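# Structure assessment
Single-letter residue listing:
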Amino acid sequence: LSSRPSRNNKDDQQHFSKARLRRLGPEQLLASIVMSTGLGDKAETWENPLFQFLMQVVQQDFVFVFANTDETREVSEFRGTIGQALLMMNSKHLAGATDFKLLSPLTAKLLKRRTVGEKIQLLFMSTISRPPTSAELRYFGQQFRGVVRIQDQLEICEDIYWALLNSNEFTFNY
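### Topic: the environment of L21
- When you line up the elements, L21 lands in the segment before α1 (26-37).
- Separated by 151 residues in the primary sequence, L21 and F172 have C-alpha atoms spaced 6.9 Å apart.

Shown next, in the form of structure tokens:
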């Protein structure tokens, strides 16, 4: 399935042989961030009244900033507003999601991974649902060169995670 028509399906309107690339809605984006942290892995988390309240508060920010975009045209990359960029870069909510404290479910999973490659693969699968390419693995693996302390490795993982959350691949329904 692709967003680009091919010579075989350019006129097809019936069989869903191509899909228009669309940016995730604010609610979808927030839910994707929560799921990528591992916080949403358990049904009882979503059923917890305190969690529901917190999600409503954060969702209001996301809806306010992300809901007023033009979805009528085909897009290939996220060229958001200044407000959207600032929310993704400076939001206390997103900063909390990308801060790998020892109690974070994603941190617990990262600590179980022995190699740098396994850590990078986990970050990719948790955010954009695919393994890293060999080029991505090499590039991000270089960031760990000479880093031995676990806490320092987690800081690098936070940076990679934040970059993946802010990538086009995360914010669009590929």
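### Considerations on the packing of helix α7 (residues 116-127) against helix α9 (residues 150-165)
- Running from N to C, α7 and α9 cross one another at 30°; their axes reach a closest spacing of 10 Å. Here α7 lies roughly parallel to α9, going by the angle between them. Relative to α9, the crossing made by α7 is right-handed. Judged by residue contacts, K119, I120, L123, F124 and T127 of α7 engage Q153, C157, I160, Y161, L164 and L165 from α9.
- Counted by class, the contact of α7 with α9 contains eight nonpolar, two polar and one charged residues.

### So, the environment of Q121
- Positionally, Q121 belongs in helix α7.
- The sequence separation of Q121 and E136 amounts to 15 residues, and the corresponding C-alpha distance is 9.9 Å.
- Beyond its immediate chain neighbours, meaning those up to four positions away, Q121 contacts P131 and P132.

### What about α9?
- With 16 residues, α9 extends 22 Å between its outermost C-alpha atoms, agreeing within 8% with the 22 Å of an ideal straight helix rising 1.5 Å per residue.
- Within α9, burial applies to Q153, L154, I156, C157, E158, I160, Y161, L164 and L165.

### Here we look at the packing of aromatic side chains
- In the structure shown here, the tally under the stated rule is three aromatic pairs.
- Relative to F140, the ring of F124 has its centre 5.8 Å away and its plane inclined at 65°; by these criteria the two rings are edge-to-face. Here F140 lies in helix α8 (residues 134-142) and F124 lies in helix α7, a separation of 16 residues in the sequence.
- Summarising the aromatic geometry, the rings of Y139 and F140 are spaced 5.2 Å apart at their centres and angled 75° between planes, so their arrangement reads as edge-to-face.
- On the basis of relative accessibility, which here comes to 16%, the residue F140 falls in the buried class.
- Through a chain of ring-to-ring contacts, three or more aromatic side chains come together here, namely F124, Y139 and F140.

### What to know about α7
- The end-to-end C-alpha distance of α7, which contains twelve residues, comes to 17 Å, matching closely the 16 Å that a straight helix rising 1.5 Å per residue would cover.
- Within α7 the residues assigned to the buried category are K119, I120, L122, L123, F124 and T127.
- Looking at the buried residues of α7, the elements they touch are α1, α6 (105-112), α8, α9 and α10 (168-171).
- Following α7 by one or two positions, S129 adopts a phi angle in the positive range, close to 60°.

### Digging into unusual backbone geometry
- Phi is positive for S129, which is not a glycine, with a value near 60°.
- Within the secondary structure, S129 is located in the loop between α7 and α8.
- Looking at S129, the relative accessible area reads 57%, which means it is exposed.

### Some points on the pattern of salt bridges
- If you walk through the whole model with that rule in mind, you get four salt bridges.
- Here R130 makes a salt bridge to E169, at a shortest N to O gap of 2.5 Å. Linking R130 in the loop between α7 and α8 with E169 in helix α10, this pair joins segments that are 39 residues apart in sequence.
- What makes E169 partly exposed here is its relative accessible area of 27%.
- Put simply, R130, E136 and E169 are held in one network by salt bridges that share partners.

Basis of the calculations
Residues numbered from 1 in each chain as written. Predicted model: local features only at pLDDT ≥ 70, side-chain atom pairs only at ≥ 80, totals over all residues. Heavy atoms only, no water. Helix = DSSP H or I, 4+ residues; strand = E, 2+ residues; numbered from the N terminus. Axes fitted to C-alpha atoms, helices over the stretch in contact; angles between N-to-C directions. Parallel < 35°, antiparallel > 145°, perpendicular 65-115°, else oblique. Left-handed = near helix turned anticlockwise from the far one by under 90°. Contact = heavy atoms within 4.5 Å. Nonpolar A, V, L, I, M, F, W, Y, C, P; charged D, E, K, R; others polar. Expected span 1.5 Å × (residues − 1). Buried < 20%, exposed > 50% of the residue type's maximum accessible area, 1.4 Å probe, protein only. Phe/Tyr/Trp six-rings, centres within 6.5 Å; stacked < 30°, edge-to-face > 60°. Salt bridge = Lys/Arg side-chain N within 4 Å of Asp/Glu carboxyl O.

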